[in-house]
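Descriptive structure summary
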Amino acid sequence: MNNEESQEENPFMRTIHTFVLRQGRMTEGQKRDYETLSARWCIPFTKANLNYIDVFDNLNPVTIEIGFGMGKATAIIAEENPDKNYIGLEVHKPGVGKLLGEIRDKNLQNLYIIEHDALEVLDYMISDNSVNAFHIFFPDPWPKKKHHKRRLVQRPRTDLLAKKLAPGGYIYMATDWEPYADFAMEELLATPGIHNAYEGFAPHQEWRPETKFEAKGVNADRKIKELFFVKNND
């Protein structure tokens, strides 16, 4: 299936964005890091498959994080797992600038950024069966019913994630919004080619550092729900 056919069959994925591009204020440090480091650590969006070896110069497994926010957890995970490669997808410049500074400060060689709509990146740049894991930490829950169509974790978007996963790879999502967790569980259970690694919601994954959004949820007495789905090997 070529890209044009994919878009025609799933226009929902292209016409409805999962984000709103807010013009957040960048600090002077974030501006400086964005201007001086983006050429080194940001991969330009193109309508051509990305060759991981060209980027990382190795064959290590690749994890893609969708919407890394300010990137604190992203940088910690990459630092603690030098034998794995990471690509962070984000559209908000303050977060990109912040993570670029973390990459420099931690001297990370296994983390790159693509500053573009995640669904278009997956559709055009990521080969099928090539991703070891998708990390989705506290995505926008779009709580109003009229905005549910913007939620990232729903079909056919989850079909696209499953298509890009390598056999045995996983989709991991954490959220503090229980209605979204229940909604995402139903959508993932209905997604062909993947299965729940647990009986229901996943236990807390100790390897994931606490994020700013998680701390806010805990302070507001919201329960953190985690989902962990694995791609079938057949």
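Anything mentioned here points back to the structure above.
Described below are features of the structure shown in this document. (Residues numbered from 1 in each chain as written. Predicted model: local features only at pLDDT ≥ 70, side-chain atom pairs only at ≥ 80, totals over all residues. Heavy atoms only, no water.)

1. Overview of empty space enclosed by the protein
Enumeration over the complete set of coordinates arrives at one cavity of 30 Å³ or more. Approximately 40 Å³ is the volume attributed to the largest cavity. Lining the largest cavity are Thr 63, Glu 65, Thr 74, Ile 77, Tyr 86, Ile 87 and His 135. Counted by class, the lining of the largest cavity contains three nonpolar, three polar and one charged residues. (1 Å grid on protein atoms, 1.4 Å probe; cavity = no way out; pocket = protein on both sides within 12 Å on 5 of 7 lines; lining within 4 Å. Points joined across faces, edges and corners; volume = space filled by probe spheres on them. Nonpolar A, V, L, I, M, F, W, Y, C, P; charged D, E, K, R; others polar.)

2. Here we look at helix H3 (residues 28-41)
Its 14 residues place the ends of H3 19 Å apart at the C-alpha level, agreeing with the 20 Å of an ideal helix rising 1.5 Å per residue. A maximum bend of about 40° is found in H3 at Glu 35. Lining the buried residues of H3 we find helix H6 (93-106) and strand E3 (111-114). (Helix = DSSP H or I, 4+ residues; strand = E, 2+ residues; numbered from the N terminus. Expected span 1.5 Å × (residues − 1). Bend = angle between axes of the 7 residues up to and from the residue. Contact = heavy atoms within 4.5 Å.)

3. A closer look at the packing of H3 against H6
H6 packs onto H3 with a crossing angle of 70° between their chain directions and a minimal axis gap of 8 Å. Regarding the angle of H3 to H6, the classification is roughly perpendicular. For H3 against H6, the interelement crossing comes out left-handed. Contacts between H3 and H6 involve Gln 30, Asp 33, Tyr 34, Leu 37, Ser 38 and Trp 41 from the former and Lys 93, Pro 94, Val 96, Gly 97, Lys 98, Leu 100, Gly 101, Ile 103 and Arg 104 from the latter. (Axes fitted to C-alpha atoms, helices over the stretch in contact; angles between N-to-C directions. Parallel < 35°, antiparallel > 145°, perpendicular 65-115°, else oblique. Left-handed = near helix turned anticlockwise from the far one by under 90°.)

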